[in-house]
Amino acid sequence: MKATGIVRRIDDLGRIVIPKEIRRTLRIRESDPLEIFTDREGEIILKKYSPIGEMTTFAKQYAESLAQVSGKSALIADRDQYIAVSGGYKSLLGKAMSREMEDAITDRKSINASKGEKTFIEISAEKTPEMEQFVSVPIIAEGDVIGVVILASNDSTEKMGEVEQKLVQSAAGFLGRQMEQ
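One structure accompanies this document, and this report is about it. (Residues numbered from 1 in each chain as written. Predicted model: local features only at pLDDT ≥ 70, side-chain atom pairs only at ≥ 80, totals over all residues. Heavy atoms only, no water.)

1. Details of the pattern of salt bridges
Step number 1: Under the defined criterion, the tally for this structure stands at 5 salt bridges.
Step number 2: Note that R29 and E102 form a salt bridge whose closest N and O atoms lie 3.0 Å from each other. Of the two residues, R29 is situated in the loop between α1 (20-25) and β1 (34-38) and E102 in helix α3 (residues 99-106); the sequence distance between them amounts to 73 residues.
Step number 3: For R29, a relative accessible area of 23% gives the class partly exposed.
Step number 4: Overall, E102 belongs to the buried group, its relative accessible area being 4%.
Step number 5: A salt bridge links E102 to R99, with the nearest nitrogen and oxygen atoms 3.7 Å apart. With E102 and R99 both in helix α3 and 3 residues apart, this pair spans about one turn of that helix.
Step number 6: According to the relative accessible area criterion, R99 is partly exposed, its value standing at 46%.
Step number 7: Members of the salt-bridge network, linked through shared partners, are R29, D80, R99 and E102. (Salt bridge = Lys/Arg side-chain N within 4 Å of Asp/Glu carboxyl O. Helix = DSSP H or I, 4+ residues; strand = E, 2+ residues; numbered from the N terminus. Buried < 20%, exposed > 50% of the residue type's maximum accessible area, 1.4 Å probe, protein only.)

So, in structure tokens, the structure goes:
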């Protein structure tokens, strides 16, 4: 564990403020769920909670199936990072999504874009120069955005259309319903 040198007091309601610098560094936003752990030495550990992260194995299988059916690359992310990647772009597994993608899913936007279009954004904090087009749909469970499903391709000749859009919508809807159970 790394000491920050920051000390905070607990208020009369048992609350503690997490400093802005730490929230920014760890990408913790207002209303983000945090999981609380304790250890035998009496330490309290806060960890960002990812409801879809609990389904990592299932998400990987779903991404593999989606990639196989579509012939494209399939990526599934929670609100921060890619938890399942199949068909290509494996280097993005465990990597953070871009701020633009975070904003898009927070705004509940579905995107179907090709490189060079105004709607095209980087999907990862790390550049993916070989990506030519993608379709993304946010995963919504119990009214909250919990992640995103993306179908991506490095082929610029065959534009993704309604079929790919429907595949991704179906995947996002299914994963959202699974989280509600």
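2. Comments concerning a nonpolar patch on the surface
Step number 1: On the surface, L34, I36, I44 and L46 cluster together into a nonpolar patch covering about 390 Å² of accessible area.
Step number 2: Contributing elements (two or more residues each) for the nonpolar patch: β1 and β2 (44-48).
Step number 3: With respect to the secondary-structure elements, L34 resides in strand β1. (Patch = residues over 30% accessible without salt bridge, like charges linked within 9 Å, V, L, I, M, F, W, Y side chains within 5 Å. Areas by Shrake-Rupley, 256 points an atom, 1.4 Å probe, with all protein chains shown as cover.)

3. Quick notes on the side chain of S70
Step number 1: Within the secondary structure, S70 is located in helix α2 (residues 56-70).
Step number 2: Of the polar contacts made by the side chain of S70, one reaches the backbone oxygen of L66; its length is 2.8 Å.
Step number 3: At 3.1 Å, the side chain of S70 forms a polar contact with the backbone nitrogen of K72.
Step number 4: Setting aside residues up to four positions removed in sequence, S70 forms contacts with L151 and L167. (Polar contact = N/O pair within 3.5 Å; in protein donor to acceptor, adjacent residues only side chain to side chain. Contact = heavy atoms within 4.5 Å.)

4. Some thoughts on the sheet that holds strand β5 (residues 111-114)
Step number 1: In spatial order, the strands read β4-β3-β7-β6-β5; together these 5 strands make up an open sheet with antiparallel pairing. The strands lining the two open edges of the sheet, one partner per strand, are β4 (82-86) and β5. Across the sheet, the mean angle separating the axes of adjacent strands is 15° when strand polarity is ignored.
Step number 2: With 5 bridges connecting them, strand β3 (residues 73-77) and strand β7 (residues 144-153) associate as antiparallel partners. (Pairing = 2+ DSSP bridges. Axes fitted to C-alpha atoms, helices over the stretch in contact; angles between N-to-C directions.)

5. Looking at the nonpolar core
Step number 1: Among the nonpolar cores identified, the biggest contains 22 residues, and I76, I139 and V149 are the most heavily contacted of them.
Step number 2: Where this core is concerned, the elements lending two or more residues are α2, β3, β4, β6 (133-141), β7 and α4 (162-180).
Step number 3: With 5 residues, α4 is the single largest residue contributor to this core.
Step number 4: The next biggest cluster of nonpolar side chains, apart from the first, holds 21 residues, and it includes V85, Y89, V145 and V148. (Core = buried A, V, L, I, M, F, W, Y, C linked by side-chain atoms within 4.5 Å.)

Just distances and angles here, no functional claims.
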